[in-house]
Amino acid sequence: MSNLDRKPLVSVIIPTYKRSEMLPRAIDSVLCQTYANVQIVVVDDNNPDTEWRKTTESTMKKYGEESRVKYVCHEKNKNGAAARNTGIREADGEIVCFLDDDDWFYTEKIEMQVEYLLSHPEYRAVYCGWDRAGKKVVPTRTGNLSYNILSGDNIIYTNAIMMWKENALACGGWDETFKRHQEAAFLLRYFRSGEEIGVISKSLVGIDISDRSNMAANSDINQQHVEHYLASYSDIIEACEVQRKGAKRDILSHRYRGVLLAHIKSKNYKSAARVYFNMLKKMPIKFNTDIIRYALKRVHHG
(Lines give C-alpha, C1' and ligand atoms only; values in the text may rest on other atoms or scores of the structure.)
Protein backbone atom coordinates (compact mmCIF):
# COMPACT_ATOMS: atom_id res chain seq x y z
CA MET A 1 0.00 0.00 0.00
CA SER A 2 1.40 3.39 -0.98
CA ASN A 3 1.39 6.26 1.46
CA LEU A 4 -1.37 7.95 -0.52
CA ASP A 5 -3.60 4.88 -0.17
CA ARG A 6 -3.47 5.00 3.62
CA LYS A 7 -6.49 6.13 5.56
CA PRO A 8 -5.03 7.13 8.95
CA LEU A 9 -7.40 7.69 11.83
CA VAL A 10 -8.07 11.39 12.38
CA SER A 11 -9.11 12.53 15.85
CA VAL A 12 -11.13 15.75 15.93
CA ILE A 13 -10.86 17.47 19.30
CA ILE A 14 -13.88 19.54 20.33
CA PRO A 15 -13.60 21.44 23.65
CA THR A 16 -16.96 22.58 24.92
CA TYR A 17 -17.87 25.20 27.49
CA LYS A 18 -21.36 26.66 28.05
CA ARG A 19 -22.50 25.88 24.49
CA SER A 20 -24.30 22.55 24.73
CA GLU A 21 -27.03 23.77 22.38
CA MET A 22 -24.49 24.45 19.61
CA LEU A 23 -22.40 21.32 20.14
CA PRO A 24 -24.47 18.90 17.97
CA ARG A 25 -23.82 20.96 14.83
CA ALA A 26 -20.07 20.66 15.39
CA ILE A 27 -20.20 16.93 16.12
CA ASP A 28 -22.53 16.15 13.20
CA SER A 29 -20.32 18.07 10.78
CA VAL A 30 -17.52 15.61 11.59
CA LEU A 31 -19.73 12.52 11.43
CA CYS A 32 -20.89 13.63 7.97
CA GLN A 33 -17.39 14.00 6.52
CA THR A 34 -16.51 12.36 3.20
CA TYR A 35 -13.54 10.88 5.10
CA ALA A 36 -14.92 8.07 7.25
CA ASN A 37 -12.00 7.08 9.48
CA VAL A 38 -12.56 9.71 12.14
CA GLN A 39 -12.80 9.89 15.90
CA ILE A 40 -14.39 12.76 17.81
CA VAL A 41 -13.03 13.62 21.25
CA VAL A 42 -15.40 15.97 23.06
CA VAL A 43 -13.74 17.51 26.11
CA ASP A 44 -16.27 18.94 28.55
CA ASP A 45 -14.59 21.91 30.26
CA ASN A 46 -17.64 22.91 32.31
CA ASN A 47 -17.38 22.78 36.08
CA PRO A 48 -19.10 19.74 37.63
CA ASP A 49 -22.45 20.27 39.33
CA THR A 50 -23.33 23.16 37.03
CA GLU A 51 -26.29 23.44 34.72
CA TRP A 52 -23.88 23.61 31.78
CA ARG A 53 -22.33 20.25 32.70
CA LYS A 54 -25.79 18.71 33.04
CA THR A 55 -27.00 20.01 29.68
CA THR A 56 -23.78 18.91 27.98
CA GLU A 57 -24.06 15.43 29.47
CA SER A 58 -27.65 15.28 28.22
CA THR A 59 -26.55 16.33 24.74
CA MET A 60 -23.79 13.72 24.66
CA LYS A 61 -26.22 10.93 25.56
CA LYS A 62 -27.56 11.27 22.02
CA TYR A 63 -24.19 9.98 20.79
CA GLY A 64 -23.92 7.14 23.30
CA GLU A 65 -24.22 4.47 20.60
CA GLU A 66 -21.81 6.22 18.23
CA SER A 67 -18.49 4.38 18.47
CA ARG A 68 -16.63 7.24 16.81
CA VAL A 69 -17.44 9.68 19.62
CA LYS A 70 -15.44 9.80 22.86
CA TYR A 71 -16.64 11.98 25.73
CA VAL A 72 -14.14 13.21 28.33
CA CYS A 73 -14.97 15.45 31.32
CA HIS A 74 -12.58 17.75 33.13
CA GLU A 75 -12.74 17.64 36.91
CA LYS A 76 -12.95 21.46 36.82
CA ASN A 77 -12.95 24.28 34.29
CA LYS A 78 -9.40 24.77 33.01
CA ASN A 79 -9.62 26.65 29.66
CA GLY A 80 -9.65 25.88 25.95
CA ALA A 81 -5.91 25.24 25.65
CA ALA A 82 -5.99 22.72 28.50
CA ALA A 83 -9.05 21.05 26.96
CA ARG A 84 -7.26 20.68 23.62
CA ASN A 85 -4.25 19.16 25.37
CA THR A 86 -6.55 16.69 27.10
CA GLY A 87 -8.02 15.91 23.69
CA ILE A 88 -4.59 15.27 22.17
CA ARG A 89 -3.70 12.88 24.99
CA GLU A 90 -7.04 11.07 24.65
CA ALA A 91 -6.87 10.92 20.86
CA ASP A 92 -6.34 7.52 19.23
CA GLY A 93 -5.65 8.97 15.79
CA GLU A 94 -2.30 9.50 14.10
CA ILE A 95 -3.58 12.90 13.02
CA VAL A 96 -5.38 15.51 15.10
CA CYS A 97 -7.41 18.55 14.24
CA PHE A 98 -9.48 20.96 16.29
CA LEU A 99 -13.02 22.28 16.17
CA ASP A 100 -14.67 24.85 18.42
CA ASP A 101 -18.08 23.83 19.74
CA ASP A 102 -19.91 26.67 17.95
CA ASP A 103 -18.34 26.08 14.52
CA TRP A 104 -18.40 23.34 11.89
CA PHE A 105 -16.42 21.58 9.16
CA TYR A 106 -17.44 21.50 5.52
CA THR A 107 -17.95 17.89 4.40
CA GLU A 108 -14.67 17.47 2.49
CA LYS A 109 -12.44 19.27 5.00
CA ILE A 110 -10.80 16.24 6.62
CA GLU A 111 -10.40 14.30 3.38
CA MET A 112 -8.67 17.17 1.60
CA GLN A 113 -6.32 17.89 4.49
CA VAL A 114 -5.37 14.22 4.99
CA GLU A 115 -4.62 13.88 1.28
CA TYR A 116 -2.45 17.00 1.51
CA LEU A 117 -0.42 15.72 4.46
CA LEU A 118 0.11 12.34 2.83
CA SER A 119 1.23 13.87 -0.47
CA HIS A 120 3.37 16.61 1.15
CA PRO A 121 5.55 14.87 3.75
CA GLU A 122 7.70 17.99 4.04
CA TYR A 123 4.83 19.53 6.03
CA ARG A 124 3.73 18.06 9.34
CA ALA A 125 0.72 20.35 9.54
CA VAL A 126 -1.69 22.00 7.13
CA TYR A 127 -4.33 24.71 7.40
CA CYS A 128 -7.19 25.86 5.20
CA GLY A 129 -9.49 28.79 4.66
CA TRP A 130 -12.77 29.57 6.40
CA ASP A 131 -16.09 31.33 6.07
CA ARG A 132 -16.62 33.76 8.94
CA ALA A 133 -20.04 35.40 9.01
CA GLY A 134 -20.33 35.14 5.22
CA LYS A 135 -16.83 36.41 4.50
CA LYS A 136 -14.63 33.75 2.96
CA VAL A 137 -10.89 33.81 3.58
CA VAL A 138 -8.68 31.81 1.21
CA PRO A 139 -5.06 31.71 2.48
CA THR A 140 -2.04 30.98 0.29
CA ARG A 141 1.06 31.20 2.50
CA THR A 142 3.11 28.15 3.46
CA GLY A 143 6.29 27.57 5.46
CA ASN A 144 7.34 29.06 8.79
CA LEU A 145 4.70 31.73 9.34
CA SER A 146 5.97 32.98 12.70
CA TYR A 147 6.41 36.57 11.56
CA ASN A 148 3.10 36.59 9.70
CA ILE A 149 1.22 35.37 12.78
CA LEU A 150 2.99 37.69 15.21
CA SER A 151 2.51 40.73 12.97
CA GLY A 152 -1.12 39.90 12.24
CA ASP A 153 -0.49 39.44 8.51
CA ASN A 154 -1.74 35.85 8.66
CA ILE A 155 -4.52 34.77 11.01
CA ILE A 156 -4.98 31.02 11.28
CA TYR A 157 -8.07 29.94 13.19
CA THR A 158 -8.01 26.88 15.43
CA ASN A 159 -10.55 25.08 13.26
CA ALA A 160 -8.35 25.35 10.18
CA ILE A 161 -5.39 23.40 11.64
CA MET A 162 -4.62 19.72 11.05
CA MET A 163 -1.39 18.18 12.40
CA TRP A 164 0.26 14.83 12.97
CA LYS A 165 -0.32 13.94 16.62
CA GLU A 166 3.36 13.25 17.30
CA ASN A 167 4.21 16.80 16.26
CA ALA A 168 1.43 18.28 18.39
CA LEU A 169 2.99 16.47 21.36
CA ALA A 170 6.61 17.16 20.39
CA CYS A 171 6.13 20.94 20.28
CA GLY A 172 4.62 20.95 23.76
CA GLY A 173 0.96 21.15 22.81
CA TRP A 174 -1.18 24.16 23.59
CA ASP A 175 0.15 26.75 26.04
CA GLU A 176 -2.22 26.50 29.00
CA THR A 177 -1.15 29.88 30.39
CA PHE A 178 -2.99 31.54 27.49
CA LYS A 179 -6.64 32.54 27.64
CA ARG A 180 -6.48 34.40 24.32
CA HIS A 181 -4.23 34.04 21.25
CA GLN A 182 -4.24 30.31 21.93
CA GLU A 183 -4.00 29.11 18.33
CA ALA A 184 -1.24 31.62 17.59
CA ALA A 185 0.77 30.42 20.59
CA PHE A 186 0.27 26.79 19.56
CA LEU A 187 1.49 27.44 16.03
CA LEU A 188 4.47 29.46 17.27
CA ARG A 189 5.46 26.47 19.41
CA TYR A 190 5.15 24.27 16.34
CA PHE A 191 7.33 26.60 14.22
CA ARG A 192 9.81 26.90 17.09
CA SER A 193 10.30 23.12 16.83
CA GLY A 194 11.64 23.61 13.31
CA GLU A 195 8.56 22.53 11.35
CA GLU A 196 6.63 24.32 8.60
CA ILE A 197 2.98 24.34 7.58
CA GLY A 198 1.24 23.71 4.28
CA VAL A 199 -2.01 25.22 3.03
CA ILE A 200 -5.16 24.26 1.17
CA SER A 201 -6.39 27.43 -0.51
CA LYS A 202 -10.06 26.70 -0.03
CA SER A 203 -12.66 27.65 2.57
CA LEU A 204 -13.43 24.43 4.46
CA VAL A 205 -14.64 25.68 7.85
CA GLY A 206 -17.70 27.62 8.97
CA ILE A 207 -17.23 30.06 11.86
CA ASP A 208 -20.22 31.26 13.89
CA ILE A 209 -19.80 34.66 15.56
CA SER A 210 -23.28 34.87 17.09
CA ASP A 211 -22.09 33.90 20.59
CA ARG A 212 -19.13 35.90 21.87
CA SER A 213 -19.86 35.22 25.55
CA ASN A 214 -16.59 33.33 26.01
CA MET A 215 -14.57 36.33 24.85
CA ALA A 216 -12.95 38.79 27.29
CA ALA A 217 -14.59 42.23 27.18
CA ASN A 218 -12.28 44.16 29.54
CA SER A 219 -9.70 46.09 27.52
CA ASP A 220 -7.16 46.18 30.36
CA ILE A 221 -7.32 42.38 30.59
CA ASN A 222 -6.97 42.25 26.82
CA GLN A 223 -3.76 44.29 27.11
CA GLN A 224 -2.44 41.86 29.72
CA HIS A 225 -3.12 38.96 27.36
CA VAL A 226 -1.28 40.70 24.52
CA GLU A 227 1.73 41.51 26.69
CA HIS A 228 1.86 37.92 27.98
CA TYR A 229 1.78 36.75 24.36
CA LEU A 230 4.63 39.04 23.31
CA ALA A 231 6.75 38.16 26.36
CA SER A 232 6.23 34.41 25.96
CA TYR A 233 7.45 34.43 22.36
CA SER A 234 10.05 37.19 22.59
CA ASP A 235 12.69 34.73 21.34
CA ILE A 236 10.75 34.22 18.12
CA ILE A 237 10.25 37.99 17.76
CA GLU A 238 14.02 38.45 18.07
CA ALA A 239 14.59 35.68 15.52
CA CYS A 240 12.25 37.48 13.10
CA GLU A 241 14.28 40.66 13.61
CA VAL A 242 17.49 38.81 12.75
CA GLN A 243 15.89 37.54 9.54
CA ARG A 244 14.51 40.95 8.57
CA LYS A 245 15.44 44.28 10.11
CA GLY A 246 12.34 46.13 11.31
CA ALA A 247 10.27 42.99 11.91
CA LYS A 248 10.17 43.56 15.67
CA ARG A 249 8.88 47.12 15.25
CA ASP A 250 6.21 45.90 12.84
CA ILE A 251 5.04 43.27 15.31
CA LEU A 252 4.94 45.60 18.32
CA SER A 253 3.27 48.40 16.37
CA HIS A 254 0.54 46.08 15.11
CA ARG A 255 -0.14 44.50 18.49
CA TYR A 256 -0.27 47.78 20.42
CA ARG A 257 -2.42 49.37 17.75
CA GLY A 258 -4.91 46.60 18.49
CA VAL A 259 -4.60 47.26 22.23
CA LEU A 260 -5.14 50.98 21.67
CA LEU A 261 -8.25 50.42 19.56
CA ALA A 262 -9.67 47.96 22.11
CA HIS A 263 -9.28 50.60 24.84
CA ILE A 264 -10.99 53.24 22.67
CA LYS A 265 -13.82 50.87 21.75
CA SER A 266 -14.35 50.18 25.47
CA LYS A 267 -14.20 53.94 26.19
CA ASN A 268 -11.23 53.26 28.44
CA TYR A 269 -9.57 56.49 27.41
CA LYS A 270 -7.10 56.64 30.29
CA SER A 271 -5.52 53.34 29.31
CA ALA A 272 -5.71 54.30 25.63
CA ALA A 273 -3.76 57.47 26.31
CA ARG A 274 -1.17 55.54 28.33
CA VAL A 275 -0.60 53.09 25.47
CA TYR A 276 -0.50 55.80 22.82
CA PHE A 277 2.06 57.99 24.56
CA ASN A 278 4.17 54.99 25.52
CA MET A 279 4.34 53.91 21.88
CA LEU A 280 5.09 57.48 20.79
CA LYS A 281 8.22 57.36 22.95
CA LYS A 282 9.34 54.12 21.31
CA MET A 283 8.38 54.62 17.66
CA PRO A 284 6.53 57.91 17.02
CA ILE A 285 6.62 57.92 13.23
CA LYS A 286 6.03 54.21 12.81
CA PHE A 287 3.10 53.98 15.23
CA ASN A 288 1.30 57.07 13.92
CA THR A 289 1.84 55.97 10.32
CA ASP A 290 0.41 52.53 11.03
CA ILE A 291 -2.65 54.02 12.74
CA ILE A 292 -3.29 56.34 9.78
CA ARG A 293 -2.88 53.49 7.29
CA TYR A 294 -5.28 51.36 9.30
CA ALA A 295 -7.86 54.14 9.48
CA LEU A 296 -7.62 54.81 5.72
CA LYS A 297 -8.01 51.09 5.02
CA ARG A 298 -11.13 50.90 7.19
CA VAL A 299 -12.62 53.94 5.42
CA HIS A 300 -11.80 52.46 2.01
CA HIS A 301 -13.44 49.12 2.86
CA GLY A 302 -16.44 50.79 4.46
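Please refer to the structure higher up on the page.
To start, this report covers the structure provided alongside it. (Residues numbered from 1 in each chain as written. Predicted model: local features only at pLDDT ≥ 70, side-chain atom pairs only at ≥ 80, totals over all residues. Heavy atoms only, no water.)

Some words on the overall build of the protein chain
Of the regular secondary structure elements, the protein chain holds 12 helices and nine strands. Relative to the compact-globule value of 19 Å for 302 residues, the protein chain shows a C-alpha radius of gyration of 20 Å, a close match. In the protein chain, buried positions account for 50% of the 302 residues. Of the contacts formed within the protein chain by residues at least 6 apart in sequence, a portion of 78% connects residues at least 24 apart. Summing over all exposed atoms, the protein chain offers an accessible surface of approximately 14,700 Å²; the carbon and sulfur share of this is 52%. Charged side chains in the protein chain number 44 positive and 39 negative. The centres of these two groups are separated by 8 Å. (Helix = DSSP H or I, 4+ residues; strand = E, 2+ residues; numbered from the N terminus. Rg over C-alpha atoms; globule rule 2.2 N^0.38 Å. Buried < 20%, exposed > 50% of the residue type's maximum accessible area, 1.4 Å probe, protein only. Contact = heavy atoms within 4.5 Å. Areas by Shrake-Rupley, 256 points an atom, 1.4 Å probe, with all protein chains shown as cover. Lys, Arg positive; Asp, Glu negative; His and termini not counted. Charge placed at Lys NZ, Arg CZ, Asp CG, Glu CD.)

With respect to the pattern of salt bridges
Counted under the stated rule, the structure contains 17 salt bridges. For lysine 286, the salt bridge goes to aspartate 290, with nearest N and O atoms at 3.3 Å. Of this pair, lysine 286 and aspartate 290 both sit in helix α12 (residues 284–300), four residues apart, roughly one helical turn. One salt-bridge network, in which partners are shared between bridges, spans Arg244, Asp250, Lys286 and Asp290. (Salt bridge = Lys/Arg side-chain N within 4 Å of Asp/Glu carboxyl O.)

Here's the deal with the pairing of strand β3 (residues 69–73)
Note on strand geometry: in a regular strand, side chains alternate between the two faces of the sheet. Pairing of strand β2 (residues 38–44) with β3, which is carried by five bridges, proceeds in the parallel orientation. Counterpart to valine 43 in the pairing with β3 is valine 72. Taken together, β2, helix α2 (residues 51–61) and β3 constitute a β-α-β crossover, and its handedness is right-handed. (Pairing = 2+ DSSP bridges. Right-handed = clockwise from strand over helix to strand, strands pointing away.)

Some remarks on the packing of helix α8 (residues 219–232) against helix α9 (residues 234–243)
Running from N to C, α8 and α9 cross one another at 65°; their axes reach a closest spacing of 4 Å. Contacts between α8 and α9 involve Leu230, Ala231 and Ser232 from the former and Ser234, Asp235 and Ile237 from the latter. The residue inventory of the contact of α8 with α9, partitioned by class, reads three nonpolar, two polar and one charged. (Axes fitted to C-alpha atoms, helices over the stretch in contact; angles between N-to-C directions. Nonpolar A, V, L, I, M, F, W, Y, C, P; charged D, E, K, R; others polar.)

Topic: the nonpolar core
Counting 84 residues, the largest nonpolar core has Val10, Val12, Ile14, Ile27, Ile110 and Met162 as its most contacted members. Ranked by residue count, the leading element in this core is helix α7 (residues 182–192), at seven residues. Among all residues touching valine 10, those that are not within four sequence positions of it are Tyr35, Asn37, Val38, Gln39, Ile95, Cys97, Ile110, Val114 and Met162. (Core = buried A, V, L, I, M, F, W, Y, C linked by side-chain atoms within 4.5 Å.)

Observations regarding the packing of aromatic side chains
With the rule as written, the count across this model stands at 11 aromatic pairs. For the pair tyrosine 229 and tyrosine 233, a centre-to-centre distance of 6.4 Å together with 65° between the ring planes defines the contact as edge-to-face. Classification of tyrosine 233 by relative accessible area gives buried; the value is 1%. Here the aromatic rings of tyrosine 276 and phenylalanine 277 are separated by 5.5 Å at their centres, their planes lie at 70°, and the arrangement is edge-to-face. On the accessibility criterion, phenylalanine 277 (51% relative accessible area) is exposed. Across the ring face of phenylalanine 105, the terminal group of lysine 109 is positioned such that the distance to the ring centre comes to 4.2 Å. The ring of tyrosine 147 has arginine 244 sitting right over it, with the charged end atom 4.9 Å from the ring centre. (Phe/Tyr/Trp six-rings, centres within 6.5 Å; stacked < 30°, edge-to-face > 60°. Lys NZ or Arg CZ within 6 Å of the ring centre and 35° of its normal.)

So, the environment of valine 38
Structurally, valine 38 can be placed in strand β2. For the pair valine 38 and glutamate 241, spaced 203 residues apart in sequence, the C-alpha separation works out to 41 Å. Setting aside residues up to four positions removed in sequence, valine 38 forms contacts with Leu9, Val10, Val30, Arg68 and Ile110.

Notes on the side chain of lysine 165
When you line up the elements, lysine 165 lands in helix α6 (residues 165–170). Notably, lysine 165 is buried but unbridged: the nearest opposite-charge side chain belongs to aspartate 92, and the N-O separation is 6.2 Å. Leaving out residues up to four positions away in the same chain, lysine 165 has contacts with Ile88, Arg89, Ala91, Gly93, Glu94, Ile95 and Val96.

A word on the pairing of strand β4 (residues 95–98)
Alternating residues of β4 divide into Ile95 and Cys97 and Val96 and Phe98, and every residue in both groups is buried. Bridge count for β4 against strand β8 (residues 162–164) is three bridges, and the pairing is antiparallel. Counterpart to cysteine 97 in the pairing with β8 is methionine 162.

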